[in-house]
Amino acid sequence: MELGLKGRGALVAAASKGIGRACALGLAAEGARVAICARTRADLETAAEEIRAKTGAEVLAFPADVTRAEDVKALVEAAVRAFGRLDVLVTNAGGPPPGPFDQMTDEAFRAAFELNLLSTVRLIREALPHMRARRWGRIINIQSTSVKQPIDGLLLSNAIRPGVVGLAKTLAGELGRDGITINTVGPGRILTGRSRGVMEHRARQAGLPFEEFLKRDVAAVPLGRIGEPEEVAHVVVFLASERASYVTGVTLQVDGGLVRSLW
Ligand code: NAD
């Protein structure tokens, strides 16, 4: 299937590692020019070099913290300066810390709001004029299955991330006539550096070898295994493509069937 991504300008936030990096690689492999950001320049440069080497694509590595309004503005400006256009925006960030309600201060809620919701708002706000100018755009928000089914121990994710779905569903209505689609992707259990660290910690707490812990952890996943970042990226690349032209306002979990909700 020809995805129609050749020559398009794409920006993937929080993309030096994990799911974001896999999305950037996937878009670059389809011929898009890709801007990526993260806070640490060295990790970002390594990711950019890897993507260039594997795809030959033009990759802009721009250090930016998505929780800082001025960084987001500078990031989008740099991408547009480099590519002359911005057609695809993948919003992404780190996850908020785990913990029960009694440990969560106002500050913890504010930080999670800024990390997962306000960063999404700001990235979209800066990108929109460039998409409207060409009457074509694809916005894909990376969130979590917590937007469909709360995850035990991840109160902040459960409380804040669903706001992004409300935002996306509202914007689907406001942006459709400008030729811009907006969708949300909810990864389930995906093996990245971050999730491996969390699982190794939980395995130690449970007194289990990592492989044994992993086997039990995926028992509830109908496909019976943990997912790879590339499996999320394939869905994101499709939603970013010309072929997803009549899909907007949806939330699609990539979770091996873990969420049992009908919706
Ligand atoms: P990861 O730690 O492997 O990668 C996160 C990336 O985000 C890194 O490149 C990091 O540098 C960057 N980043 C973090 N905070 C940033 C900030 N403030 N500004 C700019 N860049 C920043 O994580 P991942 O597993 O790929 O997860 C990506 C997102 O998906 C997170 O929000 C995570 O909570 C969510 N998620 C992950 C899983 C999973 O199983 N891996 C499941 C559900 C949801």
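Because the structure is predicted, anything quoted here is derived from the model rather than measured. (Residues numbered from 1 in each chain as written. Predicted model: local features only at pLDDT ≥ 70, side-chain atom pairs only at ≥ 80, totals over all residues. Heavy atoms only, no water.)

Trainee: So what about the packing of helix α4 (residues 106-134) against helix α6 (residues 162-175)? Which residues, and what values?
Mentor: With their axes 10 Å apart at the nearest point, α4 and α6 run at an angle of 20 degrees to one another. By the criterion of interaxial angle, the relationship of α4 to α6 is roughly parallel. Classified by chirality, the crossing of α6 by α4 is right-handed. In contact with N116, L117, T120, V121, I124, L128 and R132 of α4, α6 contributes G163, V164, L167, L171 and L175. Residue composition of the contact of α4 with α6, grouped by class: 8 nonpolar, 3 polar and 1 charged. (Axes fitted to C-alpha atoms, helices over the stretch in contact; angles between N-to-C directions. Helix = DSSP H or I, 4+ residues; strand = E, 2+ residues; numbered from the N terminus. Parallel < 35°, antiparallel > 145°, perpendicular 65-115°, else oblique. Left-handed = near helix turned anticlockwise from the far one by under 90°. Contact = heavy atoms within 4.5 Å. Nonpolar A, V, L, I, M, F, W, Y, C, P; charged D, E, K, R; others polar.)

Trainee: An account of the environment of R243 is requested, with residue identities and associated values reported.
Mentor: Structurally, R243 can be placed in the loop between α9 (229-240) and β7 (251-254). Look at R243 and you get partly exposed, because its relative accessible area is 40%. The residues touching R243, leaving out its near neighbours within four places in the chain, are M1, E2, L3, G4 and F238. In this structure the side chain of R243 is engaged in a polar contact, spanning 2.4 Å, whose partner is the backbone oxygen of E2. (Buried < 20%, exposed > 50% of the residue type's maximum accessible area, 1.4 Å probe, protein only. Polar contact = N/O pair within 3.5 Å; in protein donor to acceptor, adjacent residues only side chain to side chain.)

Trainee: Kindly report on the sheet that holds strand β1 (residues 9-12), identifying the contributing residues and their values.
Mentor: To summarise the sheet geometry, strands pair through backbone hydrogen bonds and adopt either a parallel or an antiparallel arrangement. Strand order in the open sheet formed by 7 strands is β3-β2-β1-β4-β5-β6-β7, and the pairing between neighbours is parallel. In this open sheet, the two strands that pair with only one neighbour each are β3 (59-61) and β7. Recorded for the sheet is a direction-independent mean angle of 20 degrees between the axes of neighbouring strands. With 3 bridges connecting them, strand β2 (residues 33-36) and β3 associate as parallel partners. Note on β3: the bridge partner recorded for A35 is L60. Packed onto the sheet, α4 meets β4 (88-91), β5 (137-142) and β6 (180-187) and runs at close to 175 degrees relative to β4. In the packing of α6 onto the sheet, contacts are made with β5, β6 and β7, and the angle to β6 comes to roughly 160 degrees. (Pairing = 2+ DSSP bridges.)

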